[in-house]
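Chains, contacts and geometry: an overview
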Amino acid sequence: MISRRLFIENIIKTLGISAFSAGLIDRLIVNSLTYAQNNDLSLKNRAAAKGLFYGAASFKRVLSYPDFSKTFIEECGILVPEWELKWRALRPTPTSYDFNAFDWLINFTSKNNMKFRGHTLVWHDDLPAWFSNTVNSSNAKKYLQDHILTVMKRHAGKIHSWDVVNEPIAMWDKHPDGLRASSPWYKLLGPEYIEIAFRTASEADPNAMLVLNQNHLEQDKDDGTRSSVLKLLKRLKFTGTPIHALGIESHLGGKDYSFNKSKFKAFLSNVADIGLKIIITELDVMDQYMPKDISLRDKMVANIYEEYLSTALSESAVIGVLTWGLSDRYTWLSKFAPREDKAQVRPLPLDQNLQRKLAWYSIANAFDNTRAR
Ligand code: XIL
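In this text, all values refer to a predicted model and were calculated from it rather than measured experimentally. (Residues numbered from 1 in each chain as written. Predicted model: local features only at pLDDT ≥ 70, side-chain atom pairs only at ≥ 80, totals over all residues. Heavy atoms only, no water.)

Quick look at the nonpolar core
Rules: The term nonpolar core refers to a set of buried residues drawn from Ala, Val, Leu, Ile, Met, Phe, Trp, Tyr and Cys, joined through side-chain atoms within 4.5 Å. Using a 1.4 Å probe on the protein chains alone, a residue whose accessible area is under 20% of its type maximum counts as buried, one over 50% counts as exposed, and one in between counts as partly exposed. Contacts are assigned to residue pairs with any non-hydrogen atoms lying within 4.5 Å of each other.
Within the largest apolar cluster, 97 residues are counted, with the highest numbers of intra-cluster contacts made by Phe72, Trp162, Leu212, Ile248 and Phe267. Apart from the residues lying within four places of it in its own chain, the contact partners of Leu212 are Val165, Pro168, Ile194, Phe198, Val229, Leu232, Leu233, Leu236, Ile243, Ala245, Leu246 and Gly247. Phe53, Val80, Ala245 and Trp324 belong to the second largest nonpolar core, which has eleven residues in total.

Structural notes on the packing of helix H14 (residues 261-273) against helix H15 (residues 294-313)
Under the convention used in this document: Axis definition: a line fitted to C-alpha atoms, over the contacting stretch in the case of helices. Angles run 0 to 180 degrees between N-to-C directions. Here a strand is any run of E in DSSP of at least two residues, a helix any run of H or I of at least four, and the numbering for each starts at the N terminus. By convention, the crossing between two helices is left-handed when the near helix turns anticlockwise from the far helix through less than a right angle, and right-handed when the turn is clockwise. Charged residues are taken to be Asp, Glu, Lys and Arg, nonpolar residues to be Ala, Val, Leu, Ile, Met, Phe, Trp, Tyr, Cys and Pro, and polar residues to be all remaining types, Gly included.
As a packed pair, H14 and H15 sit with axes 9 Å apart at the nearest point and diverge in direction by 35°. Between H14 and H15 lies a crossing whose hand is right-handed. Listed contacts from H15 to Lys261, Phe264, Lys265 and Leu268 of H14 are Glu307, Tyr308, Thr311 and Ala312. Taken together, the residues that form the contact of H14 with H15 break down as four nonpolar, one polar and three charged.

A short note on the confidence of the model for the protein chain
Test applied: Confidence of the predictor at the level of single residues is captured by pLDDT, which takes values from 0 to 100.
Taken residue by residue, the protein chain gives an average pLDDT of 92. The fraction at 70 or more is 90%. Between residues 1-37, whose pLDDT stays under 50, and residues either more than four places distant or in other chains, the model counts 50 contacts.

Re the site of the ligand
Worth spelling out the cut-off: Only a single heavy atom is needed: when it lies within 4 Å of a molecule or strand, its residue is near that molecule or strand. Here a polar contact is taken to be a pair of N or O atoms separated by no more than 3.5 Å, where protein atoms must pair a possible hydrogen donor with a possible acceptor and residues adjacent in sequence count only if both atoms sit in side chains. In short, Shrake-Rupley with a 1.4 Å probe defines the accessible areas, and a residue's cover is counted only from the protein chains shown.
Close to the ligand lie 13 residues; Glu82, Lys86, His119, Glu282 and Trp324 are nearest. Lys86 places a side-chain nitrogen or oxygen 2.7 Å from an oxygen atom of the ligand. Between the ligand and the protein, one listed contact pairs an oxygen atom with a side-chain N or O atom of Glu282 at 2.8 Å. Protein chains bury 87% of the 410 Å² of accessible surface belonging to the ligand in isolation. Considered class by class, the residues forming the shell around the ligand number four nonpolar, three polar and six charged.

Some remarks on the pairing of strand S8 (residues 277-286)
Counted only if it meets this: What makes two strands pair is DSSP finding at least two bridges between them.
Among the ten residues in S8, nine count as buried, and that is most of the element. Relative to S8, strand S6 (residues 245-248) is paired through four bridges, and the arrangement is parallel. From the neighbouring strand, Gly247 faces S8, where its bridge partner is Ile279. Alignment of strand S7 (residues 251-253) against S8, held across three bridges, turns out to be parallel. Looking at the pairing, His251 lines up with Asp284 of S8. As paired elements, S8 and strand S9 (residues 318-323) share four bridges and run parallel to each other.

Here's the deal with unusual backbone geometry
Residue Thr120 is bonded to the preceding His119 through a cis peptide linkage, with omega at 0°. Note that Thr120 resides in strand S3 (residues 115-122). Non-glycine residue His216 carries a positive phi angle of around 60°. Structurally, His216 is set in the loop between strand S5 (209-214) and helix H13 (225-238). The exposure class of His216 is partly exposed, given its relative accessible area of 39%.

Written out as structure tokens, the structure is:
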């Protein structure tokens, strides 16, 4: 056991920041017993100790950098490619596939004893330029099925889970059932495109967990996303569609961030009642509108992580967590949600120098404090 003073100094040194509020120090102190003794325990090991998995999204390019790759292997038990398995990356032409990055990434996870998540087979976004002139209502089903069969069979048996359909429910521009009206797949095949995709996926790799991945389910906004996704999941179960889990993206923070613990818990338990597992698939916290002061910003981000994850993990159907990136050095938000003051965004567990931030401790806390599966 180390003294309270030493512990604080330790944290300050580790985090590289010097201003803590009394409340925050107290909160860290409350949890100091675990950290004082197990500071070397990574997030993947903390998660695994509870029968959960933790990992992150990344790219082939950045996993080739030795310092980043070393840290990634230490912290992550599962990898999801952020870009390389999307149609635009995999399909240079209507008749060809570029599997170079996929093969490299599978080799990386096998070598490092890591699980692999596939993302994503059917999405309205990031389709190749040739798609709109080539795919029409007479050949769409064949394109969809050929793509799923070819991509999934490539490494069948080595994939933990696949995001078979991504973001099918829309907040705006939607049909009465909530399905995204602008999706080319919906336009070409109607709502059945979802069943077709899952059935084909189950044939291609019967061992993979098949996931429907959805955004905008976390915040307390009355836009119908939660009820639409529940209806869709019930419909899929009712028609005997092979689907095993709901992926909840969890891009948190942003303008007017609001979170209602009890409503979110009720939603998770509704999903569990349908007989599905839940994965937190793309967790990060946007700090776009937070104050510039780094210590304050990190604290706000960390609080959001802790509140959200402790709530999510209280539902036993939640089996794992992935953040959308590991270090602030490589995050999509620096491009997609930059700050007006041009300060570097800080949405992830590790900072630009791969050092642990308060967010890291919040995630660690949430794993440590949840019950074992
Ligand atoms: C994002 C990637 O992070 C970016 O690098 C890419 O350019 C666009 O897509 N929901 C998803 C992810 O399901 O695929 C998105 O990833 C982020 C939002």
